Amino acid sequence: KQEVTQIPAALSVPEGENLVLNCSFTDSAIYNLQWFRQDPGKGLTSLLLIQSSQREQTSGRLNASLDKSSGRSTLYIAASQPGDSATYLCAVSRETSGSRLTFGEGTQLTVNP
Amino acid sequence: DTGVSQDPRHKITKRGQNVTFRCDPISEHNRLYWYRQTLGQGPEFLTYFQNEAQLEKSRLLSDRFSAERPKGSFSTLEIQRTEQGDSAMYLCASSSKGGGRVSYEQYFGPGTRLTVT
C-alpha cells in the first residue's frame, strides 16, 4: 500500500526566505507526482506535475524535483511572499496510468510579512 | 478557476437523511474522480470514472455511498442514511490525456462541505 509522508507538518518563515518542502513515498512504482496548494476551506490548485520519467519541473518561483528510485520529491519556493501562505499537498498516482492519487497530509506554510 | 464545478458548496443535514452532490468536470475531460477530505488530513480517494464506466472504488466507499456518471459528463455522489462520521469535504477532480498541461493532471473543484448533525 502506497504511503505518502510530508515533512515538516508546519513551517513558519519570514517573507523573502527560500524554503523547501519534502515529500516521500513508499512505493516507487508511480506514474506521476503532483504538488497542490490548498487555501483554508477551499479546493486544491495544481501547482506542478512531474512524470515518473522526469527529474524536475519549474513554474515561476516554484521548482519541484523527483527522485523516483529513492521515493522522494521536494518543492522549492524562492523568495517567499505572504500570499504563499497555504497548505501544500503532495500526491502520487500508481503506475497504472491515470488512476487514483494518494496524498500526504500536507505542510501548512505561513509566510510572515 | 479550474473549470470543475461542484454543487452545493455547503450542505447541513441531520443524521439518517440522504444527500446528493453534483460535480461538473472540465468539458473535454473523460476521467472524473471523487475524494473525501477531513480536517487536517490529505484527501482520500473514493472512486473514479472513465466516461460513464466506474473503473475503481475504494474500500472507503461503503454500501451507503453510490456514484454515477450516466452520460459521461456530470457525476453525482449520493450518501444514504448519513452518519456523523460522514462529515467532511467531498472533492471532485477531472483529467484527460492531453487535456491538462501534462497527461492525466488532475484538476479539482471547490468541494462540497458536508456537516451531519
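The structure under discussion appears in the preceding block.
Just so it is clear, the structure is predicted and the values come from calculations on it, not from any experiment.

About the thresholds
- Once a new chain begins, its residue numbering starts again from 1 and follows that chain's sequence as written.
- The naming scheme follows written order: chains are lettered A onward, ligands numbered 1 onward.
- Two thresholds apply to this predicted model, a pLDDT of at least 70 for residue-level local features and 80 or more for giving and counting side-chain atom pairs, whereas whole-chain, interface and lining totals are computed over all residues.
- To obtain the side-chain values, all non-hydrogen atoms of the structure were used and water was disregarded.
- By disulfide we mean two sulfur atoms from cysteines, separated by a distance within 2.5 Å.
- A helix here means a DSSP run of H or I that spans at least four residues, while a strand means a run of E at least two residues long, and both kinds are numbered starting from the N terminus.
- Three labels apply to residues, based on accessible area from a 1.4 Å probe with only protein chains included: buried if under 20% of the type maximum, exposed if over 50%, partly exposed otherwise in between.
- Strand pairing follows a simple DSSP-based rule, namely that at least 2 bridges must link the two strands.
- A carboxyl oxygen of Asp or Glu within 4 Å of a side-chain nitrogen of Lys or Arg is what we treat as a salt bridge.
- N or O atoms within 3.5 Å of each other form a polar contact, as long as, within protein, one can give a hydrogen and the other can take it, and as long as residues adjacent in sequence are counted only when both atoms are side-chain atoms.
- Whether two residues are in contact is decided by their heavy atoms: any pair within 4.5 Å suffices.
- Note on definitions: buried area is the accessible-area loss of two parts on being combined, 1.4 Å probe, summed for both.
- Residues belong to one nonpolar core when they are buried, are Ala, Val, Leu, Ile, Met, Phe, Trp, Tyr or Cys, and are joined through side-chain atoms within 4.5 Å.

Draft legend 1. Main features of the state of the cysteines. Residue and element names in this part refer to chain A. The full count for this structure, using the stated rule, is 2 disulfides over all chains. The disulfide that involves Cys23 links it to Cys90, with 2.0 Å between the sulfurs. Its torsion about the S-S bond being -55°, the disulfide of Cys23 and Cys90 is classed as left-handed. Of this pair, Cys23 sits in strand S3 (residues 19-25) while Cys90 sits in strand S9 (residues 86-94); the two residues are 67 residues apart in sequence, bridging distant segments of the chain. When its relative accessible area of 2% is taken as the criterion, Cys23 is described as buried.

Draft legend 2. Expanded view of the pairing of strand S7 (residues 65-68) of chain B. All names here are of chain B. The side-chain alternation of S7 yields one buried face, formed by Phe65 and Ala67, and one unburied face, formed by Ser66 and Glu68. Across 4 bridges, S7 lies against strand S8 (residues 75-79) in antiparallel orientation. Paired with Ala67 across the two strands is Leu77, which belongs to S8. If you look at the hairpin formed by S7 and S8, you'll find 6 residues sitting between the two strands, and Gly72 has a positive phi there, around 75°.

Draft legend 3. Quick peek at the pattern of salt bridges. Taken as a whole, this structure holds 7 salt bridges over all chains when the rule is applied. Among the ionic pairs, A:Arg61 bridges to A:Asp84, the shortest N-O distance being 2.8 Å. Taken together, the positions of A:Arg61 in the loop between strand S6 (56-59) and strand S7 (62-67) and A:Asp84 in the loop between strand S8 (72-77) and S9 put the pair 23 residues apart, joining distant regions of the chain. Overall, the relative accessible area of 8% leaves A:Asp84 in the buried class. Two residues, B:Glu56 and A:Arg100, come together in a salt bridge whose shortest N-O distance is 2.9 Å. Taken together, the positions of B:Glu56 in strand S6 (residues 53-57) and A:Arg100 in the loop between S9 and strand S10 (101-103) put the pair across two chains. Note on A:Arg100: relative accessible area 22%, which makes it partly exposed. Three or more residues joined by partner-sharing salt bridges are found here, namely A:Arg94, A:Arg100 and B:Glu56.

Draft legend 4. Up close: the side chain of B:Gln6. Residue and element names in this part refer to chain B. Tracing the backbone shows Gln6 in strand S1 (residues 5-7). A relative accessible area of 6% places Gln6 in the buried class. From its side chain, Gln6 meets the backbone nitrogen of Cys92 in a polar contact 3.1 Å long. Non-local contacts of Gln6, meaning those with residues more than four positions away in its chain, are made with Arg22, Cys23, Trp34, Tyr90, Leu91, Cys92, Gly109, Pro110, Gly111 and Thr112.

Draft legend 5. Here's a closer look at the interface of chain B and chain A. Across the contact, 27 residues belong to chain B and 25 residues belong to chain A. Counting the surface lost from both chain B and chain A, the interface buries some 1900 Å², and carbon and sulfur atoms represent 48% of this. Scanning the region where chain B abuts chain A turns up 2 salt bridges. Among the secondary structure elements, those contributing two or more residues to the side of chain B that touches chain A are strand S4 (31-37), strand S5 (44-50), S6 and strand S9 (88-95) of chain B. When residues of the side of chain B that touches chain A are assigned to their parent elements, the largest contribution, 4 residues, is made by S4(B).

Draft legend 6. Structural detail: the nonpolar core. A:Phe25, A:Leu33, A:Trp35, A:Leu75, A:Ile77, A:Tyr88 and A:Leu109 are the most contacted members of the largest nonpolar core, which has 23 residues in total. Every element with two or more residues in this core is listed here: S3, strand S4 (30-38), strand S5 (44-51), S7, S8, S9 and strand S11 (107-112) of chain A. Of all hydrophobic cores here, the second largest spans 20 residues; its members include B:Cys23, B:Ile26, B:Leu32 and B:Leu114.

Draft legend 7. Summary view of the side chain of B:Gln37. Secondary-structure assignment places B:Gln37 in strand S4. In this structure the side chain of B:Gln37 is engaged in a polar contact, spanning 2.8 Å, whose partner is the backbone oxygen of B:Gln41. Not counting residues within four places of it along the chain, the set of residues in contact with B:Gln37 comprises A:Gln38, A:Leu44, A:Leu89, B:Gly42, B:Pro43, B:Ala88, B:Met89 and B:Leu91.

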